[in-house]
Amino acid sequence: MSGQDNSTTPGIVITGASGRMGQMLIRTVLASDRVHLAGAVDRSGHDWIGRDVGEALGGSAVGVIVTDDALEAFAKAQAVIDFTAPAATVEFAGLAAQARAVHVIGTTGLNDEDIDAISRAARHAVIVRAGNMSLGVNLLTQLTKKVAAALDADFDIEVIEYHHNRKVDAPSGTALMLGEAAAEGRGVVLEEVADRGRDGITGAREAGHIGFSAIRAGAIIGEHDVMFASQSERIILRHVAEDRSVFANGALRAAIWGQDKAPGAYDMLDVLGLND
Ligand SMILES: NC(=O)C1=CN([C@@H]2O[C@H](COP(=O)(O)OP(=O)(O)OC[C@H]3O[C@@H](n4cnc5c(N)ncnc54)[C@H](OP(=O)(O)O)[C@@H]3O)[C@@H](O)[C@H]2O)C=CC1
Ligand SMILES: O=C(O)C1=N[C@H](C(=O)O)C[C@H](O)C1
């Protein structure tokens, strides 16, 4: 058993328990004395369903059985931390709102329709969503906005992201956050200036556009460069995630932060007190 304090600390449910982030999140929650693990959810049919999550992770039992009944798990918890896939996250947003649990969303690759559905759920519960939960990347968005505001369109802006070969979406959620920050700094709308993938005879680069490139290779956890390049100089802002714990720690911080907040949609800048 985990020995966590189930009576006074917020209970956290982890969805996608067997995933790369799911496993990191369970370990992070179990190691914390500020929260306790209240549930672990995986997809119906997954071979972890019905097993103690501590044992499924290769350790000793912690008294939490992996379930595919998300609503039942959410109803017993104060927060849900969700790093899964867009369709699952949209469904979980509705269920977490029904349970009035704080929903921390790390899932990327969400489309406009998904985001609208999540915003509707946020009328009833606290939702904190960010394409990157690390302190470093959230600081980098602010630096990017400042640098973009200080430079004119003589400087081409390119966002280059590097991830492991299992990642399914591009550009990464982080790259889009950084692109949004650059566009905001420049006073333009990202969708109108984004170059999201070049191939063939593309013609010369258009001034004022913001380009995205995605590398997928090996086990890279997550690296992002924002390049500002003129004819005579180049500035590169860079973030490297050395370990998935930076994302898990940020998500846990968001789950605790959300406990006394009014229903609504928030991001990590709100959690970190960095919103201007
Ligand atoms: N915001 C941030 O800071 C970060 C965000 N991410 C994002 O988090 C997401 C997950 O990444 P990662 O952990 O690497 O991916 P994985 O594929 O390793 O994990 C996703 C997990 O979610 C499960 N899942 C999918 N659909 C459902 C469902 N309907 N019900 C229950 N479980 C479900 C998957 O199960 P199955 O394998 O059976 O499909 C899998 O176990 C991605 O969108 C990624 O970009 C990642 C790191 C940091
Ligand atoms: O899929 C990942 O691994 C990651 N996804 C997030 C993203 O899309 O930016 C965050 C991090 O870079 C890792």
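Not measured: the values here are computed from a predicted model. (Residues numbered from 1 in each chain as written. Chains lettered and ligands numbered in written order. Predicted model: local features only at pLDDT ≥ 70, side-chain atom pairs only at ≥ 80, totals over all residues.)

## Some points on the site of ligand 1
Looking at ligand 1, there are 25 residues lining it, with Gly16, Gly19, Met21, Ala88 and Gly106 nearest. With three residues, the top contributor of residues to the shell around ligand 1 is helix H1 (residues 20-30). Looking at side-chain class alone, the shell around ligand 1 contains eight nonpolar, 14 polar and three charged residues. (Near = placed C-beta within 6 Å. Helix = DSSP H or I, 4+ residues; strand = E, 2+ residues; numbered from the N terminus. Nonpolar A, V, L, I, M, F, W, Y, C, P; charged D, E, K, R; others polar.)

## A look at the pairing of strand S4 (residues 79-82)
Where burial is concerned, the two faces of S4 agree: the one with Ala79 and Ile81 and the one with Val80 and Asp82 are both buried. In terms of strand pairing, strand S1 (residues 11-15) meets S4 through four bridges, oriented parallel. Pairing of Ile12 across the sheet is with Ala79, part of S4. Summarising the sheet, S4 and strand S5 (residues 102-105) pair through four bridges and their orientation is parallel. Looking at S5, one finds that Val80 is bridged to His103. (Buried ≥ 20, exposed ≤ 12 C-beta atoms within 10 Å, placed from the backbone. Pairing = 2+ DSSP bridges.)

## Details of the site of ligand 2
Around ligand 2, a shell composed of Thr108, Gly131, Asn132, His163, Lys167, Ser172, Gly173, Thr174 and Gly222 is seen. Tallied by class, residues from the shell around ligand 2 come to no nonpolar, eight polar and one charged. For the shell around ligand 2, the domains that each give at least three residues are domain 1 (11-133 + 244-272) and domain 2 (135-240). (Domains from an automatic or database assignment.)

## Observations concerning the UniProt feature "binding site: NADP(+)" (unreviewed entry) in the chain
Residues annotated in UniProt with the feature "binding site: NADP(+)" (unreviewed entry) correspond here to Arg43. Take Arg43: it is sitting in the loop between strand S2 (36-41) and helix H2 (53-56). (UniProt positions renumbered as here; feature names shortened; annotations may be inferred.)

## Quick notes on the sheet that holds strand S9 (residues 210-216)
The strand order S8-S9-S7-S10-S11 describes an open sheet built from five strands, whose pairing is mixed. Pairing within the sheet leaves two strands with one partner each, and these edge strands are strand S8 (194-195) and strand S11 (234-240). As defined by bridge partners, S8 adjoins S9 across two bridges and the pair is classed as parallel. Following the sheet pairing, Ala194 is matched in S9 by Ile210. Lying on the sheet, helix H7 (residues 173-186) is in contact with strand S7 (156-163), S8, S9 and strand S10 (223-229); it crosses S7 at an angle near 165°. (Contact = placed C-beta atoms within 7 Å. Axes fitted to C-alpha atoms, helices over the stretch in contact; angles between N-to-C directions.)

## Examining the domain arrangement of the chain
According to the domain assignment, the chain consists of domain 1 (11-133 + 244-272) and domain 2 (135-240). The gap between the C-alpha centroids of domain 1 and domain 2 is 28 Å. Top contributing element to the side of domain 1 that touches domain 2 by residue count: helix H10 (residues 268-272), with three residues. Of the residues belonging to the side of domain 1 that touches domain 2, the class tally is three nonpolar, five polar and one charged.

## Focus on the UniProt feature "binding site: (S)-2,3,4,5-tetrahydrodipicolinate" (unreviewed entry) in the chain
Feature annotation in UniProt places "binding site: (S)-2,3,4,5-tetrahydrodipicolinate" (unreviewed entry) on His164, Gly173 and Thr174, given in this structure's numbering. Along the chain, His164 turns up in the loop between S7 and H7. Since 13 C-beta atoms lie within 10 Å of it, His164 is described here as partly exposed. If sequence neighbours within four positions are ignored, His164 has contacts with Gly218, Ala219, Ile220 and Ile221. With respect to the helices and strands, Gly173 occurs in helix H7.

## Structural notes on the packing of helix H4 (residues 86-98) against helix H5 (residues 112-121)
In contact at an axis separation of 9 Å, H4 and H5 are set at 10° when each is read in the N-to-C sense. Here H5 runs roughly parallel to H4, going by the angle between their axes. Contacts between H4 and H5 pair Pro86, Val90, Ala93, Gly94 and Ala97 from the former with Asp114, Ala117, Ile118 and Ala121 from the latter. For the contact of H4 with H5, the per-class residue count stands at seven nonpolar, one polar and one charged. (Parallel < 35°, antiparallel > 145°, perpendicular 65-115°, else oblique.)

## With respect to unusual backbone geometry
The step from Ala170 to Pro171 runs through a cis peptide bond, and the omega angle for that step is -10°. Even without glycine at this site, Arg100 takes up a positive phi of about 55°. Following the sequence through the fold, Arg100 ends up in the loop between H4 and S5.

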